[in-house]
Amino acid sequence: MCVGVWALEHPQYALILCTNRDEYLERATQNAHFHNFGEKTEDHPADVLSGLDVRAGGTWLGIGQNGRVALLTNITEEPVNFGTSRGSLVSSFLRSDPSLPLEEEITRMVAQGGKYSGFNLVLFAPRLKPDASLTYEAALVTNHGAGGVLNSRPLSADERYCGGVSNNIDGAGAWPKVKRATQDLDAVLQSFPPSPSEDELIDRLMEVLAWRCDEPVLERSHFRNTVQVTPIRCKPVILIRGDGQVRFVERDIWQLSPDGKPVLAPTPSMRDFQFKLGINQRLNDYLETAS
């Protein structure tokens, strides 16, 4: 089951995000790359960096050149198909007008009244601080379970310092794995100086949640007398500095062997992207006004 943890109050980085993706290896997926969900045109260039769920067409984690970031996790529940993809909420947010305030974006999302299987969606929207460096406002959007009404809340001060999300229902208490992951992230950040070596920081961030990567996760269904194998397919890490410089590293963990068995990916087996956010003038004008 996917886990994501983040920090939003680091002195050098506007956002530090590390996560894993637990998913059946048989599900068709494209690795992280620049794209625009099949709509590459002059008005919609390939300016989103994310993996891609080939079957449903959306994604679970991504960053746009406009600086927006979104992370989606499913809620553990009996599967229900509403014919709508939760991943489309991520793609819609990443591609929407970056000058639209996060609160308005969420209001529009909730007003659509879509029915989805249970999900937790963390949205990160860039803003400028008085010194012109980037910061992020962030919120959690959830339906608290299949078919539920969408609602949202801003992240708390503690969650901004070091927060996490997984597959539980918001308000029902943090799962032990989320508590451990946020503690591990906090320990990593406490062990580095304010301006750490980025390569060393990424290596250490890859160790967060490492205790879940050693073997495929065997999970007994709460709803059926079955055991499901859901290995961690990959571990993405996103670093966004206050000057808008981005580092996105996605490391493979488990893959299918030629004979269809789960095997650990060879080391190193990863993708490493470095780029500067393309904050356009419209967004920049808005950010300066909002700050």
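Predicted, not measured: the structure shown is a model, and the values here were computed from it. (Residues numbered from 1 in each chain as written. Predicted model: local features only at pLDDT ≥ 70, side-chain atom pairs only at ≥ 80, totals over all residues. Heavy atoms only, no water.)

Draft legend 1. Representation of the nonpolar core. Among the nonpolar cores identified, the biggest contains 28 residues, and Trp6, Leu15, Ile63, Val69, Phe124, Tyr136 and Ile240 are the most heavily contacted of them. At the level of secondary structure, the elements contributing two or more residues to this core comprise strand S2 (13-19), strand S6 (61-64), strand S7 (69-74), strand S8 (119-128), strand S9 (134-142), strand S14 (232-241), strand S15 (245-252) and strand S18 (270-276). Per-element accounting of this core gives the leading share, 4 residues, to S9. With sequence-adjacent residues up to four places away left out, Ile240 is seen in contact with Tyr13, Ala14, Leu15, Ile63, Val69, Leu134, Tyr136, Gln245, Val246 and Leu277. Counting residues in each nonpolar core, the second largest holds 21 residues, with Ala7, Ala181, Leu185 and Val208 among its members. (Core = buried A, V, L, I, M, F, W, Y, C linked by side-chain atoms within 4.5 Å. Buried < 20%, exposed > 50% of the residue type's maximum accessible area, 1.4 Å probe, protein only. Helix = DSSP H or I, 4+ residues; strand = E, 2+ residues; numbered from the N terminus. Contact = heavy atoms within 4.5 Å.)

Draft legend 2. The arrangement of the side chain of Ser166 in detail. By the element assignment, Ser166 lies in the loop between strand S11 (163-165) and helix H4 (176-190). Given the relative accessible area of 0%, Ser166 is considered buried. Among the polar contacts made by the side chain of Ser166, one reaches the side chain of Asn167 at a distance of 2.9 Å. Every residue in contact with Ser166, bar those within four places of it in the chain, is listed here: Cys2, Val3, Thr73, Asn74, Asn120, Trp175, Lys177 and Val178. (Polar contact = N/O pair within 3.5 Å; in protein donor to acceptor, adjacent residues only side chain to side chain.)

Draft legend 3. Quick look at the sheet that holds S8. Strand order in the open sheet formed by 7 strands is S4-S5-S6-S7-S8-S9-S10, and the pairing between neighbours is antiparallel. The open sheet has two free edges, formed respectively by strand S4 (29-35) and strand S10 (151-154), since each of these has just one partner strand. Between one strand axis and the next, the sheet turns through 20 degrees on average, direction left out of account. Sheet analysis places strand S5 (residues 48-53) next to S6, joined by 3 bridges and oriented antiparallel. Looking across to S6, one finds that Ser50 is bridged to Gly62. Lying over the sheet, helix H1 (residues 87-95) contacts S5, S6, S7 and S8, oriented at roughly 175 degrees with respect to S7. (Pairing = 2+ DSSP bridges. Axes fitted to C-alpha atoms, helices over the stretch in contact; angles between N-to-C directions.)

The values are spatial; any link to function lies outside them.
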